[in-house]
Amino acid sequence: MEEEPMSVVFQVGANGVGLLDPGSETNNVEKGAKVDLPFWLAHDLYLRQATSINVPACFNQKTRKEIQADAACVDLRMRCPYFYELGCKTVPLVGDKSIGSFLLQAFSSRYKEVLSKSHSTPTTTASKFLPRLTKEETQLFEAAQSSMASFKKWRVGGSRLEKASILGKKRKTTLPIDPPSP
Amino acid sequence: MYGRRASQLLGELAAAETGQLTVYNSDTFDQVIKECNEHNVQLQSLFRKMEEQNLDIQTTRNEDYFGAVIHHLSLARNKRCLMAYMYNRAETIQSLRWKIGKKLPQEIQEKLSFSEGEYFKNHSAAIDSYMSELDLDLTVDMIPPKDPYIQIRVLDDIGEVSLGDLEISLTRHSVHFLRRTDAEQFISQGLMEEFLG
């Protein structure tokens, strides 16, 4: 999540870091240059008052309208795979207080959908909507599925001793002992 | 972009399922270290430049200073990513001792770097000496047993094994009634399975 690009404006110039600004002709970044930086760098530079941060595109008005219309259908992963986490960490940096309530609204309206789908969807159709979920939502989805699976296993009862999962990936290929009869 | 390569390294770690090891990526690791060295060189040269202009590094806030800050932050970031990579692998390697025992199969051995292999051996030796001091095998009964004996089915030819006071020939597909503590290590190595007839 720390790698998410943030659009920032440099309030100061910086020498020797021309790599950051693809439009720069020298090896320096000028004052006032608009550059995309990864979140970790943008954040630390903001704390040193070297940059100001713009609100990331995934929290713009367009996305907000779409979330209001039908939250469950919006492809949030395409916008930002760490939508909620980035949102939480952005709020103190950009001073836009409305992001908080927007995140809450988006999450609560999508949460129900994620949870009910995790129990009802067979794995074949899950591929249709799984790519729309952010990383956080995918984790929730998998947690719901695995807890259901463990519950079922517990109810049925069965072998509790298992082969170490790290060995389970490769099966030894053994030759068939009996050739199939013609 | 600064720090991109280091995060690729971590992405690799995140893409693997938890508890699974990927091949130790020494290429990328070395590249990141090289990147760190470059940052260091740039950092030093910016500091020199400031010193030549007789500026106090502690208080000056000019363009060279912010350039140096960016290099410093990138350096710290790379370091952090490398540490995270090593730490997470070390955790998995430690857990191997509990899951599959002292001897690592070839396909896992290949995924470790040399120092990770040494780490596993030393960690394993430390656990062994602790267990022999206690006179108790801590790696068995990870799940509380209901019965001290279980039925097992042998999945692979193991051969003659002496378990406690009896010699037993474990041939493939044979079913035995063994002490659970004896069977457990074979099950976790994938040589037996619990037989629920």
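Residues numbered from 1 in each chain as written. Chains lettered and ligands numbered in written order. Predicted model: local features only at pLDDT ≥ 70, side-chain atom pairs only at ≥ 80, totals over all residues. Heavy atoms only, no water.

So what's going on with the domain arrangement of chain A? Which residues, and what values?
All names here are of chain A. Taken domain by domain, chain A comprises domain 1 (1-54) and domain 2 (57-153). Domain 1 puts 9 residues into the contact, and the matching count from domain 2 is 10 residues. Roughly 830 Å² of surface becomes buried between domain 1 and domain 2 when both sides are summed, with 76% attributable to carbon and sulfur atoms. The interface formed by domain 1 and domain 2 contains 0 salt bridges. Where domain 1 packs against domain 2, one counts 1 residue pair in polar contact (both at pLDDT 80 or more). The element contributing the most residues to the side of domain 1 that touches domain 2 is helix H1 (residues 39-47), with 3 residues. When the residues that make up the side of domain 1 that touches domain 2 are grouped by side-chain class, the tally is 5 nonpolar, 2 polar and 2 charged. (Domains from an automatic or database assignment. Contact = heavy atoms within 4.5 Å. Buried area = accessible area lost by both parts, 1.4 Å probe. Salt bridge = Lys/Arg side-chain N within 4 Å of Asp/Glu carboxyl O. Polar contact = N/O pair within 3.5 Å; in protein donor to acceptor, adjacent residues only side chain to side chain. Helix = DSSP H or I, 4+ residues; strand = E, 2+ residues; numbered from the N terminus. Nonpolar A, V, L, I, M, F, W, Y, C, P; charged D, E, K, R; others polar.)

Mind laying out the UniProt feature "domain: GINS subunit" (unreviewed entry) in chain B, listing which residues take part and the relevant values?
Mapped onto the present numbering, the UniProt feature "domain: GINS subunit" (unreviewed entry) falls on residues 61-134 of chain B. The distance separating the terminal C-alpha atoms of residues 61-134 of chain B is 61 Å; by composition the span is 85% helix and 0% strand. (UniProt positions renumbered as here; feature names shortened; annotations may be inferred.)

Explain the sheet that holds strand S1 (residues 5-10) of chain A residue by residue, including any values.
Two modes of strand pairing occur in sheets, parallel and antiparallel, and in both the strands are linked by backbone hydrogen bonds. Residue and element names in this part refer to chain A. Taking strand neighbours across the sheet as the criterion, the 3 strands line up as S2-S1-S3 in an open arrangement whose pairing is antiparallel. Two strands close off the open sheet at either side, each with one partner strand: strand S2 (34-38) and strand S3 (51-53). Ignoring strand direction, the axes of neighbouring strands in this sheet form an average angle of 45°. Of the pairings in the sheet, the one linking S1 to S2 comprises 5 bridges and is antiparallel in character. Following the sheet pairing, Pro5 is matched in S2 by Pro38. Lying on the sheet, H1 is in contact with S1, S2 and S3; it crosses S2 at an angle near 115°. (Pairing = 2+ DSSP bridges. Axes fitted to C-alpha atoms, helices over the stretch in contact; angles between N-to-C directions.)

How would you sum up the environment of A:Ser7? Please name residues and give values.
Residue and element names in this part refer to chain A. Structurally, Ser7 can be placed in strand S1. Placed 54 residues apart in sequence, Ser7 and Gln61 show a C-alpha to C-alpha distance of 17 Å. Excluding residues that lie within four positions of it along the chain, Ser7 makes contacts with Lys34, Val35, Asp36, Ser52, Ile53 and Asn54.

So, helix H5 (residues 114-134) of chain B: which residues are in play, and what are the values?
All names here are of chain B. Here H5 is 21 residues long and its end C-alpha atoms lie 31 Å apart, about the 30 Å a rise of 1.5 Å per residue gives. Looking at H5, one finds that the buried residues are Glu116, Gly117, Phe120, His123, Ser124, Ile127 and Met131. Along the long axis of H5, the arc covered by the buried residues comes to 130°, so they all point the same way. In H5, those exposed residues whose orientation departs by more than 90 degrees from the buried face are Phe114, Lys121, Asn122, Ser132 and Glu133. (Expected span 1.5 Å × (residues − 1). Buried < 20%, exposed > 50% of the residue type's maximum accessible area, 1.4 Å probe, protein only. Arc of directions from axis to C-beta.)

How would you summarise unusual backbone geometry if you had to cite specific residues and measurements?
Trans peptide bonds make up most of the peptide bonds, and negative phi angles are found at most residues other than glycine. Residues and elements named next belong to chain B. The backbone of Asp135 shows a phi angle near 60°, a positive value even though the residue is not glycine. Mapped onto the secondary structure, Asp135 falls in the loop between H5 and strand S1 (149-154). Its identity is not glycine, yet His173 carries a phi of approximately 70°, on the positive side. Tracing the backbone through its elements, the reader meets His173 in the loop between strand S3 (166-170) and strand S4 (175-179). Given the relative accessible area of 49%, His173 is considered partly exposed.

Tell me what's going on with the pairing of S1(B), and back it up with residues and numbers.
Residue and element names in this part refer to chain B. Burial of the side chains of S1 is restricted to one face: Ile150, Ile152 and Val154 are buried, whereas none of Tyr149, Gln151 and Arg153 on the reverse face is. Bridging between S1 and S4 involves 5 bridges; their strand directions are antiparallel. Residue pairing across strands places Ile152 opposite His176, the latter belonging to S4. For S1 and strand S5 (residues 192-194), the ladder comprises 3 bridges, and the chain directions are antiparallel. Counted as the bridge partner of Ile152 is Glu194 from S5.

How would you sum up the packing of aromatic side chains? Please name residues and give values.
This model, assessed by the stated rule, comprises 11 aromatic pairs over all chains. Look at A:Phe59 and A:Phe83: their rings are 5.2 Å apart centre to centre, the planes differ by 45°, and that puts the pair in the tilted class. Placement of A:Phe59 in the loop between S3 and helix H2 (61-70) and of A:Phe83 in helix H4 (residues 83-94) is noted, with a sequence separation of 24 residues between them. Accessibility expressed as a relative area gives 2% for A:Phe59, which makes it buried. Look at A:Phe83 and you get buried, because its relative accessible area is 0%. Both rings, one in B:Tyr65 and one in B:Phe66, keep their centres 5.2 Å apart while their planes meet at 75°; by these two values the pair is edge-to-face. Among the aromatic side chains, those forming a connected cluster through ring pairs are A:Phe59, A:Phe83, A:Tyr84, A:Phe102, A:Phe107 and A:Tyr111. Taking NZ or CZ as reference, A:Arg64 lies 5.0 Å from the ring centre of A:Phe102, over its face. (Phe/Tyr/Trp six-rings, centres within 6.5 Å; stacked < 30°, edge-to-face > 60°. Lys NZ or Arg CZ within 6 Å of the ring centre and 35° of its normal.)

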